[in-house]
Amino acid sequence: MATRCGLLTWDCPPPEAEVRWVYQPVEVQYPDGNWEVGRISAWWTDDAGDLWCRLRTPSGGARPQWTRYDPEAVQLLPSTGI
């Protein structure tokens, strides 16, 4: 999605004042059906009302990636006791 400097990327994140920082464990389902544990470290809502998350998974590389939140593919896990 667009930010002040173009598309939402690692080098061009959303405006800091609009980001809500969190620690949210998740499970991510890939198109091939495999699941992987990951973590959301921030949420952001763009001007169109779409919700984005800053997602990191072990196989996703060294940096977290901003991605549009899809509740069908990213399942939120408890972050405190059950």
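Attention in this report is confined to the structure presented alongside it. As the structure is a computational prediction, the values presented were derived from the model and not from experiment.

## Let's talk about the overall build of the protein
1) Next: Within the protein, the secondary structure is distributed over zero helices and seven strands.
2) Next: Helices (α) and strands (β) of the protein occur, in sequence order from the N terminus, as β-β-β-β-β-β-β.
3) Next: For the protein, buried positions account for 34% of its 82 residues.
4) Next: Pairs at least 24 apart in sequence give 39% of the contacts found in the protein among residues at least 6 apart.
5) Next: Accessible area of the protein: about 5400 Å², with a carbon and sulfur share of 53%.

## Points about the nonpolar core
1) Next: Judged by nonpolar contacts, Val26, Val28, Ile40, Trp43, Cys53, Leu55, Tyr69 and Val74 together constitute the single largest core of eight residues.
2) Next: Counting only elements with at least two residues in this core, the list comes to β3 (20-29), β4 (35-45) and β5 (51-56).
3) Next: Setting aside residues up to four positions removed in sequence, Val74 forms contacts with Val26, Glu27, Val28, Ile40 and Tyr69.

## Comments concerning the sheet that holds β5
1) Next: Overall, antiparallel pairing links the five strands, which are arranged β6-β5-β4-β3-β7 in an open sheet. Sheet topology places β6 (65-68) and β7 (74-76) at the edges, where each strand pairs with a single neighbour. The sheet shows a mean angle of 45 degrees between the axes of neighbouring strands, direction not considered.
2) Next: Inspection of the sheet shows β4 paired to β5 by six bridges, in the antiparallel sense. When the sheet's bridge partners are listed, Trp43 is paired in β5 with Cys53.

## A closer look at the side chain of Ser41
1) Next: You can see Ser41 is positioned in strand β4.
2) Next: A residue is classified by how much of its surface remains accessible, and Ser41, at 10% relative accessible area, is buried.
3) Next: If we skip the residues at most four places from it in the chain, Ser41 touches Arg20, Trp21, Val22 and Arg54.

Cut-offs applied
Residues numbered from 1 in each chain as written. Predicted model: local features only at pLDDT ≥ 70, side-chain atom pairs only at ≥ 80, totals over all residues. Heavy atoms only, no water. Helix = DSSP H or I, 4+ residues; strand = E, 2+ residues; numbered from the N terminus. Buried < 20%, exposed > 50% of the residue type's maximum accessible area, 1.4 Å probe, protein only. Contact = heavy atoms within 4.5 Å. Areas by Shrake-Rupley, 256 points an atom, 1.4 Å probe, with all protein chains shown as cover. Core = buried A, V, L, I, M, F, W, Y, C linked by side-chain atoms within 4.5 Å. Pairing = 2+ DSSP bridges. Axes fitted to C-alpha atoms, helices over the stretch in contact; angles between N-to-C directions.

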